[in-house]
Amino acid sequence: MINMQTPNLMEAKKRTKIMPKTFSYVLDDKYKDLGQGKKYFIKTYGCQMNEHDSENIKAILEEMSFVETDKMEDADLILLNTCAIRENAHNKVFGMVGRIKHLKESKPNIIAGLCGCMVQEESITDEILDKYKWLDIVFGTHNISDLPKLLSSSITNKSLSLEVYSIEGDIIENIPAKRDSKYKAWVNIMYGCDKFCTYCIVPYTRGKQRSRKPEDIINEVKKLKHDGYKEVTLLGQNVNAYGKDLDINYEMSDLLKDVAETGIERVRFITSHPWDFTDEMIEVIAEYDNVMPYIHLPLQSGSDRILKLMGRRYTKDSYLNLYNKIKKMVPSAAITTDIIVGFPGETEEDFNETLDVVHKCKYDSAFTFIFSPRIGTPAAKMKDDISLKEKEDRLHRLNEIINEYAKEANDKYLNQEVFVLLEKISEKKENMLAGYTDTMKLVNVKAPFSKLGQIVKVKITSVKTWSMDGEIVE
Ligand code: SF4
């Protein structure tokens, strides 16, 4: 094994006041033909940050002359970009690794690799070094820009190159991206997170909060607009804390305003932590028509006792106050949420507090999960005496209510006229295009192919719980 840099939980937890350095990515000429005549396949698990990382990885590989294939069996290079948020992701990924091993038996020259959040976990790299040493490359979320070097090393030395830094992290600008869409783009505005919610592995896998410089973000958005993109989503684990680590007086509300003023047609942002959601942000959303009235506001639990155990820094009341303030200032806003059921020690009373918030907020939709312990986080060590059956029962009851409110929210759209960015061919409806409203409602629209990429006015003709159908209004 030539390259070997394994992660370390204690290092990953460290936070110092040292400002991150910004570097610019450039591909060394010596790697430009490394992928000549070779195909790559990449499978992405998890959140939008991972999706965007895969867009960067694809572009780096294509600069190295690799060509993408959507058939794993045809690929010379197979990468799994992994997620660490839930335990079952582990089984899914290692199930795929088993399939790759099988392929490698008949095609030994295949280069197989793992990257992303999961390999940032010490226990996972230990497992790889114990059972999966036949893999060729393993690299972490801080090491994407080193991919050419790692690949070259693995090919030359025919051995595992494993590089997973646990440093707080730097910012690498100018990594190219092969974007999945021609109309909407992810734009990272920050990396990492310092909130350390007790159940969450992200502060360890993605490192210290590092905000990109405003001018770098704004220039990226201007370029996307110039290239014909209609929508940008500003990405970060906790975008509302944007700027707090910069040495200038500039916050998320300032960035949102400056991005809106580029004139790009749609601006979204994800994900928000209720703790950092300022009045100024709500004012910008209310003031600018191109900042979409769609807010993902993770609740996680409605019980003050559980919120405290989760380290969430807000209470049921302060969450509801924020919710009401947003609804008052942006009445058209659609609000969605994340909820965890069965957090260690959650009683039926605690769960009822969560249901109470759901009844009050009547969310447009919600991502709901059963608590999943992540090794190394404080919550994984908490006493968990709720049976899986009970957790599943709570999840089921919660989902029934969430679905009712989602349908109720969609019902209000029937016969209304809305604007939809037509971004793809509908997966469910033949001869229809699909896209999202300002409020992130999925709409299938009867429209000619030539309308792809346009924002069109649509009359909603039928409504279901998770999608709607509509017709273009001329
Ligand atoms: S704010 Fe989000 S990413 Fe950060 S620790 Fe909490 S849950 Fe994890």
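What counts and what doesn't
- Residues numbered from 1 in each chain as written.
- Predicted model: local features only at pLDDT ≥ 70, side-chain atom pairs only at ≥ 80, totals over all residues.
- Heavy atoms only, no water.
- Buried < 20%, exposed > 50% of the residue type's maximum accessible area, 1.4 Å probe, protein only.
- Helix = DSSP H or I, 4+ residues; strand = E, 2+ residues; numbered from the N terminus.
- Pairing = 2+ DSSP bridges.
- Domains from an automatic or database assignment.
- Contact = heavy atoms within 4.5 Å.
- Buried area = accessible area lost by both parts, 1.4 Å probe.
- Polar contact = N/O pair within 3.5 Å; in protein donor to acceptor, adjacent residues only side chain to side chain.
- Near = heavy atom within 4 Å.
- Nonpolar A, V, L, I, M, F, W, Y, C, P; charged D, E, K, R; others polar.
- Patch = residues over 30% accessible without salt bridge, like charges linked within 9 Å, V, L, I, M, F, W, Y side chains within 5 Å.
- Areas by Shrake-Rupley, 256 points an atom, 1.4 Å probe, with all protein chains shown as cover.
- Salt bridge = Lys/Arg side-chain N within 4 Å of Asp/Glu carboxyl O.
- Lys, Arg positive; Asp, Glu negative; His and termini not counted.
- Charge placed at Lys NZ, Arg CZ, Asp CG, Glu CD.

Some points on the pairing of strand β19 (residues 433-437)
Across the five residues of β19, five count as buried, placing the element largely inside the fold. Here five bridges tie strand β18 (residues 417-425) to β19, and the two strands are oriented antiparallel to one another. Paired with isoleucine 425 across the strands is leucine 433, a residue of β19. Hairpin connection from β19 to strand β20 (residues 442-446): four residues lie between these consecutive antiparallel strands, with methionine 440 at a positive phi of about 70°.

A short note on the domain arrangement of the chain
Domain boundaries assigned for the chain yield domain 1 (4-163), domain 2 (176-411) and domain 3 (417-472). Summarising the inter-unit geometry, the C-alpha centres of domain 1 and domain 2 are found 27 Å apart. Contacts between domain 1 and domain 2 engage 37 residues on the former and 34 residues on the latter. For the pair domain 1 and domain 2, the summed buried surface comes to about 3300 Å²; carbon and sulfur atoms form 56% of the total. Together, Arg15, Met49 and Glu55 form the three largest contributors to the area buried by domain 1 at its contact with domain 2, with a combined 22%.

So, the environment of lysine 107
Its location among the elements puts lysine 107 in the loop between α3 (87-106) and β6 (111-116). Given the relative accessible area of 30%, lysine 107 is considered partly exposed. Apart from the residues within four sequence positions on either side, lysine 107 is in contact with Glu73, Asp74 and Ala75. At 3.0 Å, the side chain of lysine 107 and the backbone oxygen of glutamate 73 are in polar contact.

Some words on the site of the ligand
Cys193, Lys195, Phe196, Cys197, Tyr199, Cys200, Val202, Pro203, Gln237, His273 and Arg312 make up every residue found near the ligand. The residue inventory of the shell around the ligand, partitioned by class, reads seven nonpolar, two polar and two charged.

Looking at a negative patch on the surface
On the surface, a cluster of negative charge is made up of Glu251, Glu261, Glu280, Glu283 and Glu287. For glutamate 280, the position within the fold is in helix α9 (residues 279-287). Looking at glutamate 280, the relative accessible area reads 41%, which means it is partly exposed.

Regarding unusual backbone geometry
Each neighbour pair has its own omega, and for isoleucine 270 with threonine 271 the value is 5°, a cis peptide bond. By the element assignment, threonine 271 lies in the loop between β14 (266-270) and α9. Here phenylalanine 196, not a glycine, exhibits a phi torsion of approximately 50°, which is positive. Mapped onto the elements, phenylalanine 196 comes out in the loop between β11 (190-191) and α6 (202-205). Its identity is not glycine, yet methionine 440 carries a phi of approximately 70°, on the positive side. Relative to the helices and strands, methionine 440 is located in the loop between β19 and β20. Exposure remark for methionine 440: the relative accessible area of 32% places this residue in the partly exposed category.

Brief notes about the sheet that holds strand β4 (residues 67-68)
Pairing within the open sheet is parallel, and its seven strands lie in the order β1-β8-β7-β6-β5-β3-β4. Taken across any chain shown, the strands that pair with only one partner, and hence form the sheet edges, are β1 (4-5) and β4. In this sheet, strand β7 (residues 137-139) lies alongside β6 in parallel orientation, the contact comprising three bridges. Looking at β7, one finds that leucine 114 is bridged to valine 138.

Re the side chain of serine 154
Topologically, serine 154 is positioned in helix α5 (residues 147-157). At 3.4 Å, the side chain of serine 154 and the backbone oxygen of aspartate 136 are in polar contact. For serine 154, the contacting residues outside a window of four places in its chain are Ile111, Asp136, Ile137, Ser159 and Ser161.

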